[in-house]
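The primary structure of each chain is shown beneath.
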Amino acid sequence: ADMERLVERLEKAVERLETVCQGSGKCGEASAKGVAQYVQAFDALLAGPVAEYMKISKEVGGDVQKHAEMVHAGLMSERALLVVASQHQQPAENAFSELLKPISEQIQAVQNFREKNRGSKLFNHLSAVSESIPALGWVAMAPKPGPYVKEMTDAAMFYTNRILKEYKDVDKKQVDWVKAYLSIWTELQAYIKEYHTTGLTWSKTGPVATGGAKAPPPPPAGLAPPPPGPPPPPAPASSSTDDSASRSALFAQINRGEGITSGLRHVSDDMKTHKNPALKNQGGPVRSGPKPFTAPKPACNANPSPKAPPLLELEGKKWRVENQENATNLVISDTELKQVAYVFKCTNSTLQIKGKINSITLDNCKKLGLVFDDVVGIVEIINSRDVKVQVMGKVPTISINKTDGCHVYLSKSSLDCEIVSAKSSEMNVLIPTEGGDFTEFPVPEQFKTVWNGQKLVTTVTEIAG
């Protein structure tokens, strides 16, 4: 009942927006009173695709409805930033970081909700939203915010396609949900192209924005989810063309604001070498713990080493696929049994290997999708994060080492595959069902070891599934 009341309040807010933009020329009057044209255009997006998405999400109900309310809260936070930008000049970087915090918090909340509900029957819906919600970060992605939103939309396609496959001839409402959700990002790309082509447009005349710049009030009480947990370690300083896999860490760092220096201790004058030259000739204190985090130098103050060029070539018997970013159509088709494939440092890309090959190694990859036919040796995944591997034919062994986030989709002919894992987390094996779908099973990460009088005996703990 509480959830229905919240959605009704959202619908009423949308109706008010429609009245502003459609009622007897009021848009022109609003513009004259200080509401920028691009804020009105964003309101139209809220009243159109977003309202439709909210309506269908309410009909679907459950976790999808809760997730939609978080998405709406993020969009309203973005609108608040657009209003500030329309009335203020561009601020300094630290002030801009403060303005981005509400959006960052909502991105984190949406993604955390998905992780906490992995057992949901609507997990594909949650995953589609979670993978694409960083698109709200386009306001910080100059000079190519539009392409950034497209990349995030593409990241949702894996899950939306699964929804369409599952419900195409069963539940039209689910199909409509996919269309409504994706239309938000399609319309947002068109909106950015028209009003913010190279980055968020700021006023040329107003006062310089500050971290406390006045903005419209947040969404109604109760819409915002609980604040997210501690953010992950900050990512290295990145430019606008950095790979999208680091987007969550980037926003987590922004979210910390001035708090990022809270762990630093004061250095008194007697500890400074420029004031005490004698200290330069003395050995420093012996470090007893791990090396502390050292903030990376900003790219503008250094000469960064050039990025290694992307590579996809056959070198002898080895296929080398390296440094690919945002490449969604990589294909290796001319394969032989004696050949191996080595995939290194590829990000936000998909690779298909056709035919039968000896072995495949994924090393230091992030958000990579791998689809292959047959492997006669081993598929090895090391030092990677958020990878998806799908077997179309057979493979005897899959090894997962030092990897966080790995989904393995087995075929019916590869159910006897051995999966060996070490120092890894968030591993899931998906088994095909008779209906063509997959059932997900987590790989245990926690074990119990006891001494039975003769040897150590290790078993999976009950809470590890």
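Residues numbered from 1 in each chain as written. Predicted model: local features only at pLDDT ≥ 70, side-chain atom pairs only at ≥ 80, totals over all residues. Heavy atoms only, no water.

Convention followed: UniProt positions are given in the numbering used here, feature names are shortened, and annotations may be inferred rather than shown by experiment.
Per an unreviewed UniProt entry, the protein carries the name Adenylyl cyclase-associated protein and comes from Mohoua ochrocephala. You can read under Subcellular location (unreviewed entry) in the UniProt record for the protein the words "Cell membrane".

1. Structural notes on the overall build of the protein
Selection rule: Only runs of H or I of at least four residues qualify as helices and only runs of E of at least two qualify as strands under DSSP, and these elements are numbered from the N terminus. The cut-offs for exposure are 20% and 50% of the maximum accessible area for each residue type, with area from a 1.4 Å probe on protein chains only; residues under the lower value are buried, those over the upper are exposed, and the others partly exposed. Any pair of residues with heavy atoms lying within 4.5 Å of one another is described as a contacting pair. In this description, accessible areas are obtained by the Shrake-Rupley approach with a 1.4 Å probe, and a residue is regarded as covered only by the protein chains that are shown.
Of the regular secondary structure elements, the protein holds 9 helices and 16 strands. By residue count, 43% of the 465 residues in the protein fall in the buried class. Put simply, 42% of the contacts in the protein that link residues at least 6 apart link residues at least 24 apart. Of the roughly 25200 Å² that the protein leaves accessible, carbon and sulfur atoms contribute 53%.

2. Quick look at the sheet that holds strand β5 (residues 347-357)
Selection criterion: If DSSP finds at least two bridges between two strands, the strands pair. Note on method: axes are straight lines fitted to C-alpha atoms, helices fitted across the in-contact stretch only, with angles between N-to-C directions ranging 0 to 180 degrees.
Pairing is mixed in the open sheet, where 7 strands are placed in the order β3-β5-β7-β9-β11-β13-β14. Two strands lie at the open edges of the sheet, namely β3 (330-332) and β14 (438-442), each paired on one side alone. Adjacent strand axes in the sheet meet at a mean angle of 15 degrees when their direction is disregarded. Pairing geometry for β3 and β5, over 3 bridges, is parallel. Residue pairing across strands places Ile332 opposite Ile353, the latter belonging to β5.

3. Re the pattern of salt bridges
Put simply, the rule reads: Here, a salt bridge means any Lys or Arg side-chain nitrogen found within 4 Å of an Asp or Glu carboxyl oxygen.
Applying the stated criterion across every chain, the model contains 16 salt bridges. Among the salt bridges present, the one from Arg114 reaches Glu131, with a minimum N-O distance of 3.6 Å. Here Arg114 is found in helix α5 (residues 93-116), whereas its partner Glu131 is found in helix α6 (residues 123-132), with 17 residues between them in sequence. By relative accessible area, Arg114 is classed as buried at 6%. One salt bridge in this structure joins Glu322 and Arg320, with 3.0 Å as the shortest N-O distance. Looking at Glu322, the relative accessible area reads 11%, which means it is buried. Because the salt bridges share partners, they merge into one network encompassing Arg114, Glu115, Arg118, Glu131, Lys367, Asp386 and Glu426.

4. Some words on unusual backbone geometry
The residue after Ala142, namely Pro143, is reached through a cis peptide bond having omega 5 degrees. With respect to the helices, strands and loops of the structure, Pro143 is situated in the loop between α6 and α7 (145-167). Positive phi outside glycine occurs at Asn364, with the angle close to 60 degrees. With respect to the helices and strands, Asn364 occurs in the loop between β6 (359-363) and β7 (366-375). The exposure class assigned to Asn364 is partly exposed, which follows from its relative accessible area of 30%.

5. Some remarks on the sheet that holds strand β2 (residues 318-322)
Pairing is mixed in the open sheet, where 7 strands are placed in the order β1-β2-β4-β6-β8-β10-β12. The strands lining the two open edges of the sheet, one partner per strand, are β1 (311-315) and β12 (418-422). Sheet twist, expressed as the mean angle between neighbouring strand axes with direction ignored, is 10 degrees. In this structure, β6 lies alongside strand β8 (residues 378-382), joined through 4 bridges in parallel fashion. Directly across from Thr361, in β8, lies its bridge partner Glu380.

6. Description of the packing of aromatic side chains
Under the convention used in this document: Stacked, tilted and edge-to-face pairs are distinguished by plane angle, under 30 degrees for stacked and over 60 for edge-to-face with tilted covering the rest, among Phe, Tyr and Trp rings (Trp via its six-membered ring) whose centres lie within 6.5 Å. By definition, being over a ring means that NZ of Lys or CZ of Arg is both within 6 Å of the ring centre and within 35 degrees of the ring normal.
This model, assessed by the stated rule, comprises 12 aromatic pairs. Centre to centre, the rings of Tyr181 and Trp185 are 6.0 Å apart; their planes meet at 85 degrees, and the pair counts as edge-to-face. Taken together, the residues Tyr181 and Trp185, both in helix α8 (residues 172-195) and 4 residues apart, mark about one turn of the helix. Exposure class is identical for Tyr181 and Trp185. Each is buried. Both rings, one in Tyr342 and one in Phe344, keep their centres 6.1 Å apart while their planes meet at 10 degrees; by these two values the pair is stacked. Note on Tyr342: relative accessible area 23%, which makes it partly exposed. Here the basic side chain of Lys318 rests over the ring of Tyr342, its NZ or CZ set 5.4 Å away from the ring centre. Just above the ring of Phe158 sits the side chain of Lys388; from NZ or CZ to the centre is 5.6 Å.

7. Thoughts on the confidence of the model for the protein
This is how the line gets drawn: What pLDDT expresses is the predictor's confidence in each residue, scored from 0 to 100.
When pLDDT is averaged along the protein, the result is 80, and 71% of the positions lie at 70 or above. For the stretch residues 20-32, pLDDT sits under 50, and the model shows 13 contacts to residues farther than four places along the chain or on other chains. This stretch, residues 283-303, has a pLDDT under 50; its non-local contacts, to residues over four places away or in other chains, come to 7 contacts.

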